[in-house]
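Observations on the model geometry
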Amino acid sequence: MIELFYVSPDSVWAGRTVGELPVGNGVGIVLLAVLREDRAIAQPSPEEKIEAGDKLVFFGGHGPLAATLTELAKGSR
């Protein structure tokens with residue numbers, strides 16, 4: 001499955017790096033791209049900063065994706 005996560009302006013993920021996201025081989029989720037304004041950053045590096053307004057494109061199984069999206073959504077200020 002592929003899912004999008006919108007990084008809202010009040011998200012604690014804004015300003016953090018891709019490497020801090022709860023994804024990776026151990027979780028069974030892959031971050032495919034960061035959609036920012038009019039461009040896509042495919043396979044972003046762990047050092048890529050996440051900005052408010054970004055859309056994160058994830059790939060993985062239904063259960064792991066649901067858990068990851070729930071975890072990401074908890075991160076609102």
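This text follows the structure it describes.
The following refers to the structure shown. (Residues numbered from 1 in each chain as written. Predicted model: local features only at pLDDT ≥ 70, side-chain atom pairs only at ≥ 80, totals over all residues. Heavy atoms only, no water.)

**Quick look at the overall build of the protein chain**
- Looking only at helices and strands, the protein chain features one helix and four strands.
- Tracing the protein chain from N to C terminus, the helices and strands come up as β-β-β-β-α.
- Taking 2.2 N^0.38 as the reference for a compact globule, 77 residues should give roughly 11 Å; the C-alpha atoms of the protein chain span a radius of gyration of 11 Å, in line with that estimate.
- Dimensions of the protein chain along its principal axes, counting C-alpha atoms only, are 25 × 25 × 20 Å.
- For the protein chain, buried positions account for 35% of its 77 residues.
- Counting only contacts in the protein chain whose residues sit at least 6 apart along the sequence, the fraction spanning at least 24 positions is 72%.
- Put simply, the protein chain has 7 plus and 10 minus side-chain charges, and the middle of one group is 3 Å from the middle of the other. (Helix = DSSP H or I, 4+ residues; strand = E, 2+ residues; numbered from the N terminus. Rg over C-alpha atoms; globule rule 2.2 N^0.38 Å. Buried < 20%, exposed > 50% of the residue type's maximum accessible area, 1.4 Å probe, protein only. Contact = heavy atoms within 4.5 Å. Lys, Arg positive; Asp, Glu negative; His and termini not counted. Charge placed at Lys NZ, Arg CZ, Asp CG, Glu CD.)

**A word on the packing of aromatic side chains**
- What the rule picks out here adds up to zero aromatic pairs.
- The ring of W13 has R16 sitting right over it, with the charged end atom 4.2 Å from the ring centre. (Phe/Tyr/Trp six-rings, centres within 6.5 Å; stacked < 30°, edge-to-face > 60°. Lys NZ or Arg CZ within 6 Å of the ring centre and 35° of its normal.)

**What to know about the sheet that holds strand 3 (residues 39-42)**
- Strand order in the open sheet formed by four strands is 1-4-2-3, and the pairing between neighbours is antiparallel. In this open sheet, the two strands that pair with only one neighbour each are strand 1 (2-6) and strand 3. The average undirected angle you get between the axes of adjacent strands in this sheet is 25 degrees.
- For strand 2 (residues 29-36) and strand 4 (residues 55-60), the ladder comprises six bridges, and the chain directions are antiparallel. What sits directly across from L31, in strand 4, is F58.
- Lying on the sheet, helix 1 (residues 62-73) is in contact with strand 1, strand 2 and strand 4; it crosses strand 1 at an angle near 0 degrees. (Pairing = 2+ DSSP bridges. Axes fitted to C-alpha atoms, helices over the stretch in contact; angles between N-to-C directions.)

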